[in-house]
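Fold and geometry: a report
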Amino acid sequence: MPPDWQRLDRGSRNSSRVMTVVRRSFEHHTITPSLQQWRSPSTFRGAPGEDPLKWLKEYDRVANFNKWDDMMCLANVYFFLDGTARQWYVNNEDALDSWEAFKNGLSGLFGDRQKYTRRAEEQLKCRAQRSGESTQSYIQSVLGLCQEVNPLMKEDEKVSHLMKGVAEDIYQALLTREINDTASFIKWCNYIEDMKQKRVGRPRFERLPNVVRLHP
C-alpha cells in the first residue's frame with residue numbers, strides 16, 4: 001500500500017475510534033433536569049373564621065410538591081404565619097420542636113371543627129347559584145361545602161343540595177333527566193348549557209313580533 005494511502009487509512013481508523021468514544025460519551029451523559037418552580041402556601045393569621053385544618057391541608061399539599069420533609073416543613077412555616085398565629089409561634093417556638101407538635105398546637109388553639117362544620121351546614125342550606133355565576137362554579141362551591149359538612153356524604157344527598165340551588169332554567173331542564181350522582185348532574189348541566197349556547201348563537205326559527213303569550 002502506498003505511504004499516502006497508509007496515512008489515510010490510519011487517519012480513518014483514528015477518526016472512527018474518536019467518533020465511537022464521542023458517541024459512547026453522549027449515550028452515557030446524564031442530563032440534569034431543570035429545577036421545578038418552588039410553590040408557596042397561603043398565609044395563616046389565626047383570624048376568626050380561618051380554618052387551621054384546611055390551611056394545614058393546603059400546606060401539606062405544597063410541601064409534597066416542594067419535596068419538603070417534616071424538618072423543612074417546620075423550618076419554613078414561620079414565613080407563612082402572620083398576626084396572632086405568628087405571635088403564638090414565636091411565644092411557643094421552643095415547645096414546637098417537631099412538625100407534628102406544630103400541627104397539633106395550631107389546630108388545638110385555632111381550630112374548632114364543630115364550629116366550622118356548623119358554619120358550612122348553614123351555608124349549604126341557603127347556597128343558591130348567584131346571578132352571573134357559572135354553573136360549574138356553583139357546583140364546585142356546593143361540593144366543597146358538602147365535603148366540609150361530611151366527607152362521607154352520599155351521592156344522592158349531594159345531588160339534592162345541588163338541585164335545590166341551581167338556576168331555575170337549568171333546574172327545569174334537569175327534571176326530565178335521570179340523575180343518580182354528581183357525575184351525571186355535571187354531565188347534564190354541561191349538555192344543557194351547550195345547547196343553550198347553540199340556540200343563542202344561531203336562532204333556528206324566525207319569530208313574528210306579534211306572537212302572544214298563552215300564560216301570562
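Attention here is on the structure that accompanies the text. (Residues numbered from 1 in each chain as written. Predicted model: local features only at pLDDT ≥ 70, side-chain atom pairs only at ≥ 80, totals over all residues. Heavy atoms only, no water.)

1. Side note on the overall build of the protein chain
Secondary structure summary: the protein chain contains 10 helices and 0 strands in total. In sequence order, the secondary structure elements of the protein chain are arranged as α-α-α-α-α-α-α-α-α-α. Restricting the contact set of the protein chain to residue pairs at least 6 apart, pairs at least 24 apart contribute 51%. Carbon and sulfur atoms form 54% of the exposed surface of the protein chain, whose accessible area is close to 16,000 Å². (Helix = DSSP H or I, 4+ residues; strand = E, 2+ residues; numbered from the N terminus. Contact = heavy atoms within 4.5 Å. Areas by Shrake-Rupley, 256 points an atom, 1.4 Å probe, with all protein chains shown as cover.)

2. Details of the nonpolar core
In terms of nonpolar packing, the biggest core is built from 20 residues, with Ile139, Leu162, Leu174 and Phe185 touching the most fellow members. Of all the secondary-structure elements, those providing two or more residues to this core are helix 6 (113–125), helix 7 (135–149), helix 8 (155–165), helix 9 (168–174) and helix 10 (182–201). Ranked by residues supplied to this core, first place goes to helix 7 with 6 residues. Ignoring sequence-local partners within four residues, the contact set of leucine 174 consists of Met163, Val166, Ile179, Phe185, Trp188, Cys189 and Ile192. Core analysis: the second largest hydrophobic core is formed by 19 residues, Val77, Ala85, Leu96 and Phe110 among them. (Core = buried A, V, L, I, M, F, W, Y, C linked by side-chain atoms within 4.5 Å. Buried < 20%, exposed > 50% of the residue type's maximum accessible area, 1.4 Å probe, protein only.)

3. Brief notes about the pattern of salt bridges
Applying the stated criterion across every chain, the model contains 8 salt bridges. One salt bridge connects glutamate 122 with lysine 125, and the closest N-O pair in it is separated by 3.4 Å. Here the residue glutamate 122 and the residue lysine 125 both occupy positions in helix 6, the gap between them amounting to 3 residues, near one helical turn. For glutamate 122, a relative accessible area of 46% gives the class partly exposed. Lysine 196 serves as the salt-bridge partner of aspartate 169, at 2.8 Å between the closest nitrogen and oxygen. Of this pair, aspartate 169 sits in helix 9 while lysine 196 sits in helix 10, and the two are 27 residues apart along the sequence. Assessed through its relative accessible area of 43%, aspartate 169 is described here as partly exposed. (Salt bridge = Lys/Arg side-chain N within 4 Å of Asp/Glu carboxyl O.)

4. Quick notes on helix 2 (residues 52–66)
With 15 residues, helix 2 extends 21 Å between its outermost C-alpha atoms, agreeing within 8% with the 21 Å of an ideal straight helix rising 1.5 Å per residue. When helix 2 is considered as a whole, its buried residues turn out to be Pro52, Trp55, Leu56, Tyr59, Val62, Ala63 and Asn66. For helix 2, the angular spread of buried residues about the axis comes to 125 degrees, placing them on one side. The outward face of helix 2, more than 90 degrees from its buried face, is lined by the exposed residues Lys57, Arg61 and Asn64. A side-chain oxygen of the first residue of helix 2 lies 3.0 Å from the backbone nitrogen of leucine 53; this N-cap is aspartate 51. Following helix 2 by one or two positions, lysine 67 has its phi on the positive side, about 60 degrees. (Expected span 1.5 Å × (residues − 1). Arc of directions from axis to C-beta. Polar contact = N/O pair within 3.5 Å; in protein donor to acceptor, adjacent residues only side chain to side chain.)

5. Remarks on the side chain of glutamate 133
With respect to the secondary-structure elements, glutamate 133 resides in the loop between helix 6 and helix 7. Side chain to side chain, glutamate 133 and arginine 127 meet in a polar contact 2.7 Å long. At a separation of 3.5 Å, a polar atom in the side chain of glutamate 133 contacts the main-chain amide nitrogen of tyrosine 138. Discounting chain neighbours no more than four positions away, the residues touching glutamate 133 are Arg127, Ala128 and Tyr138.

6. A few points about the packing of helix 2 against helix 3 (residues 70–77)
The N-to-C vectors of helix 2 and helix 3 enclose an angle of 120 degrees; their axes lie 11 Å apart at closest approach. One finds that helix 2 runs oblique with respect to helix 3. For the crossing formed where helix 2 meets helix 3, the hand is right-handed. For the pair helix 2 and helix 3, contact is made by Trp55, Tyr59 and Ala63 and by Cys73, Asn76 and Val77, respectively. Residue classes in the contact of helix 2 with helix 3 are distributed as 5 nonpolar, 1 polar and no charged. (Axes fitted to C-alpha atoms, helices over the stretch in contact; angles between N-to-C directions. Parallel < 35°, antiparallel > 145°, perpendicular 65-115°, else oblique. Left-handed = near helix turned anticlockwise from the far one by under 90°. Nonpolar A, V, L, I, M, F, W, Y, C, P; charged D, E, K, R; others polar.)

7. Notes on the packing of aromatic side chains
To describe a pair of aromatic rings, you give the distance between the ring centres and the angle between the ring planes. Scanning all chains against the criterion turns up 15 aromatic pairs. Plain terms: the ring middles of tyrosine 78 and phenylalanine 79 are 5.5 Å apart, the flat faces sit at 85 degrees to each other, and that makes the pair edge-to-face. Across from the ring centre of phenylalanine 65, 4.6 Å away, lies the NZ or CZ of arginine 39, which sits over that ring. Residue placement shows arginine 86 over the ring face of tyrosine 78; its charged tip is 4.4 Å from the ring centre. (Phe/Tyr/Trp six-rings, centres within 6.5 Å; stacked < 30°, edge-to-face > 60°. Lys NZ or Arg CZ within 6 Å of the ring centre and 35° of its normal.)

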